[in-house]
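Each chain, letter by letter, is given below.
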Amino acid sequence: MSATLTMVDRSVRLTRRNVDTMIMSVVLPLLMMALYVYVFGGAIDTGTAYVTYVVPGTILLCAGYGAASTAMAVADDMNSGMIDRLRSMPVRASAVLTGHVAASVARNAVATTVVVGAAVAMGFRPTATLLDWLLAAGLVLLYVLALSWLAAGLGALARSVESASALSFVMLFLPYLSSAFVPTETMPAVLRAIGDNQPVTPIIETVRGLLTGTPIGSAGWIGPAWAVGLLVVSFVFATTCYRRRTTR
Amino acid sequence: MILEATGLRKRYGDTTVLDGIDLAVAEGSVLALLGPNGAGKTTTVRILGTLTRPDGGSARIAGFDVSTQPRRVREAIALTGQYAAVDAQQTGRENLTMIGRLLRLGRRGATTRADELLERFELTEAADRRVVTYSGGMRRRLDLAMSLVAAPRLLFLDEPTTGLDPASRATMWGAVGELVRGGTTVLLTTQYLEEADRLADRIVLIDDGRVAAEGSADELKARVGGDRLDLWFADRERLERAAVILDAAADLHETRIGLPTDGSAGQLHHVLDVLRAAGAGPDRVTSHRPTLDDVFLGVTKRTLVTGADR
């Protein structure tokens, strides 16, 4: 436990001092919100103010961008000798992964706050009660954790920081093929089938429903189920990749 | 013996990296693994440091088996790898206290230990600066300090001075010497003759995954006898012919033949006459006191000398 806390402490400190990851967590969400609301939003009819529609999707998209930072940080430790130092010490060296995942959650908390704050400034008026906020935050947290462990696994797999960054960009595509930015009904049949049946759409619909009162329907259990399932799979993936990489 | 290894073997795919390495290190001594790049030095250290499992053979450190009791072994050792494993975006002090906390010294214990080590490695002034601003020598010193937080009984140093300038190298040598005087056992790998000569009580020459020769620097040099004569050839074909005629070890990479010499002009005349008669005369002749490189050349027909030794 003390090893984990020490590594969490380290990763959070490193993340605060890394200019790139801080830009990813603060500036990028701001730009995203401005881009969607003021550049694309005017041309997209979602039945509500576009800013209201786009908040949940932007939060999830930022989590995807942030995952690249996690993958790179893990890859750096796996390739720089830090992991060898830890493994030759009488400590649980895999705590290094937990540290980076915790830092990722912290970064995403910042990014999400920035997105919501910017959205409110742009006219977002959520109708959520405190309980709705907590539920939405919980679901986003599950999704962020799942993505962070997935990124940690990719980082452990990658032979260099650059390839870790490249691998993690896969995670950016899912939100674009979901109801994040446009309702899936507007997509061609094939894409719509993908969009309706992938994890991001029900998660977004649940968060949107909680924050702005749109109907949630079956997304209310499909979304959380996806998030928990993804988290389990990502965690197993990350531990497996780490173990394979450090097999003596 | 704090470390005893027998018959260590390791293969990666079709490549045999270690082909039966035996080692013994007495507590309080310094052993140098000396060999060229790719000889298997780092793999040996990784196996002994519990990072890699051997395919064959076994090793015990402080009485514990590296394969079956890695945790107990880790309590006795510390490993400083080839590349400084320090966080560039943490300060020197933060790097050290992180290790102390990992080793369960507690927050206060970790801080006290960090202060001691910063002082000892002359990093006190730079303690609160991020490591990204440190010179190469300072990074290595911090890296070494991080390995000493736990006061290990056996310290592995994998090429501790590769890539350092001469002044930083001398500082590292000083630090290692001080450690040994304090009772720490050190196993270091190096490709520099001078480093092995200066620091080690015993030297193990390794080549191609095997122990080529072993002993103290003096014992090893005594094996090649007295002074050495080097015949240098600009032309490889002449070199090869001369090597056959003299039945001597030729270093093809360096285009040099090494011979024992008694220092007499008569011997030199004789060698040159024989070679010239065969149309295989050298371009240059030099002589020198025996070095570890001559030992290595004699055993492996290869040279060890790297840039930093010249």
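None of the values given here were measured: they were computed from a predicted structure.

**Quick notes on the overall build of chain B**
When helices and strands are tallied, chain B shows 11 helices and 14 strands. Dimensions of chain B, computed from the C-alpha atoms along their principal axes, are close to 80 × 45 × 35 Å. Within the span of chain B, comprising 310 residues, buried residues form 54% of the whole. The long-range share in chain B, meaning contacts at least 24 apart out of those at least 6 apart in sequence, stands at 68%. Element-wise, carbon and sulfur atoms account for 48% of the exposed surface of chain B, whose accessible area totals about 13,600 Å². Of the side chains in chain B, 41 bear a positive and 44 a negative charge, and the two mean positions are spaced by 6 Å.

**Looking at the domain arrangement of chain B**
In terms of domains, chain B is made up of domain 1 (3–221) and domain 2 (226–289). Centre-to-centre separation of domain 1 of chain B and domain 2 of chain B, based on C-alpha positions: 39 Å.

**Side note on the pairing of strand β7 (residues 154–158) of chain B**
All names here are of chain B. Burial within β7 is extensive, with 5 of its 5 residues counted as buried. Going residue by residue along β7, you find L154, F156 and D158 tucked away on one face and L155 and L157 tucked away on the opposite face as well. When strand β6 (residues 77–80) meets β7, the two strands line up parallel, connected through 4 bridges. Counterpart to T80 in the pairing with β7 is L157. In terms of handedness, the path from β7 via helix α6 (residues 166–181) over to strand β8 (residues 185–190) forms a crossover that is right-handed.

**Quick word on the pattern of salt bridges**
All names here are of chain B. Throughout the structure, instances matching the rule amount to 22 salt bridges over all chains. Its salt-bridge partner being E237, residue R241 comes within 3.3 Å of it at the nearest N-O pair. Note that R241 and E237 are positioned in helix α9 (residues 236–246) at a spacing of 4 residues, about one turn of the helix.

**Details of the interface of chain B and chain A**
Taken together, the contact between chain B and chain A spans 34 residues of the former and 22 residues of the latter. Summed over both sides, the interface of chain B with chain A buries roughly 2,600 Å², with 51% coming from carbon and sulfur. For B:R101, the salt bridge is made with A:D9, and the minimal N-O distance between the two is 2.8 Å. On the surface where chain B and chain A come into contact, there are 12 residue pairs in polar contact (both at pLDDT 80 or more). Mapped by element, the contributors of at least two residues to the side of chain B that touches chain A are α2 (70–76), β6, α3 (92–102) and α5 (136–147) of chain B. If one sorts the elements of the side of chain B that touches chain A by residue count, α3(B) sits on top with 5 residues. For the side of chain B that touches chain A, the class distribution of residues is 14 nonpolar, 8 polar and 12 charged.

**What to know about the side chain of B:D87**
Following the sequence through the fold, B:D87 ends up in the loop between β6 and α3. For B:D87, the residues in contact, after removing those within four places along its chain, are A:R10, A:L14, A:M82, B:N95, B:M98 and B:V131.

**Re helix α3 (residues 50–80) of chain A**
Residue and element names in this part refer to chain A. Between its terminal C-alpha atoms α3 stretches 45 Å, which fits the 45 Å expected from 31 residues at 1.5 Å a residue. The element α3 is largely enclosed, with a buried count of 26 among its 31 residues. One or two positions beyond α3, positive phi appears at G81, with a value near 105 degrees.

**Section: α3(B)**
The buried fraction of α3(B) amounts to 10 of the 11 residues, a majority that puts the element mostly inside the structure. In this structure, the buried residues of α3(B) make contact with α1 (2–17) and α4 (82–87) of chain A together with α4 (106–120) and α5 of chain B. Once α3(B) ends, the next one or two residues include B:R104, with phi positive near 60 degrees.

**Quick notes on the packing of α1(A) against α3(B)**
Axis separation between α1(A) and α3(B) bottoms out at 8 Å; the angle between their running directions is 160 degrees. Classified by the interaxial angle, the pair formed by α1(A) and α3(B) is roughly antiparallel. In this structure, α1(A) meets α3(B) at a crossing whose hand is left-handed. Where α1(A) approaches α3(B), its residues A:S2, A:A3, A:L5, A:T6, A:M7, A:D9, A:R10, A:R13 and A:R17 are matched on the opposing element by B:E94, B:M98, B:R101 and B:L102. Here the contact of α1(A) with α3(B) is built from residues that sort into 5 nonpolar, 2 polar and 6 charged.

**Thoughts on the sheet that holds strand β10 (residues 210–215) of chain B**
Residues and elements named next belong to chain B. Taken in spatial order, the 6 strands make up an open sheet running β6-β7-β8-β3-β9-β10, and their pairing is mixed. Two strands close off the open sheet at either side, each with one partner strand: β6 and β10. The average undirected angle you get between the axes of adjacent strands in this sheet is 15 degrees. Strand direction decides the pairing type here: β7 and β8, joined by 5 bridges, are parallel. Note on β8: the bridge partner recorded for L154 is T185. Against the sheet, helix α1 (residues 41–48) makes contact with β3 (30–34), β6, β7, β8 and β9 (202–207), and its axis sits at roughly 150 degrees relative to β8, the strand it touches most. Packed on one face of the sheet, α5 meets β6 and β7 and runs near 165 degrees to β6.

Definitions and limits used
- Residues numbered from 1 in each chain as written.
- Chains lettered and ligands numbered in written order.
- Predicted model: local features only at pLDDT ≥ 70, side-chain atom pairs only at ≥ 80, totals over all residues.
- Heavy atoms only, no water.
- Helix = DSSP H or I, 4+ residues; strand = E, 2+ residues; numbered from the N terminus.
- Buried < 20%, exposed > 50% of the residue type's maximum accessible area, 1.4 Å probe, protein only.
- Contact = heavy atoms within 4.5 Å.
- Areas by Shrake-Rupley, 256 points an atom, 1.4 Å probe, with all protein chains shown as cover.
- Lys, Arg positive; Asp, Glu negative; His and termini not counted.
- Charge placed at Lys NZ, Arg CZ, Asp CG, Glu CD.
- Domains from an automatic or database assignment.
- Pairing = 2+ DSSP bridges.
- Right-handed = clockwise from strand over helix to strand, strands pointing away.
- Salt bridge = Lys/Arg side-chain N within 4 Å of Asp/Glu carboxyl O.
- Buried area = accessible area lost by both parts, 1.4 Å probe.
- Polar contact = N/O pair within 3.5 Å; in protein donor to acceptor, adjacent residues only side chain to side chain.
- Nonpolar A, V, L, I, M, F, W, Y, C, P; charged D, E, K, R; others polar.
- Expected span 1.5 Å × (residues − 1).
- Axes fitted to C-alpha atoms, helices over the stretch in contact; angles between N-to-C directions.
- Parallel < 35°, antiparallel > 145°, perpendicular 65-115°, else oblique.
- Left-handed = near helix turned anticlockwise from the far one by under 90°.

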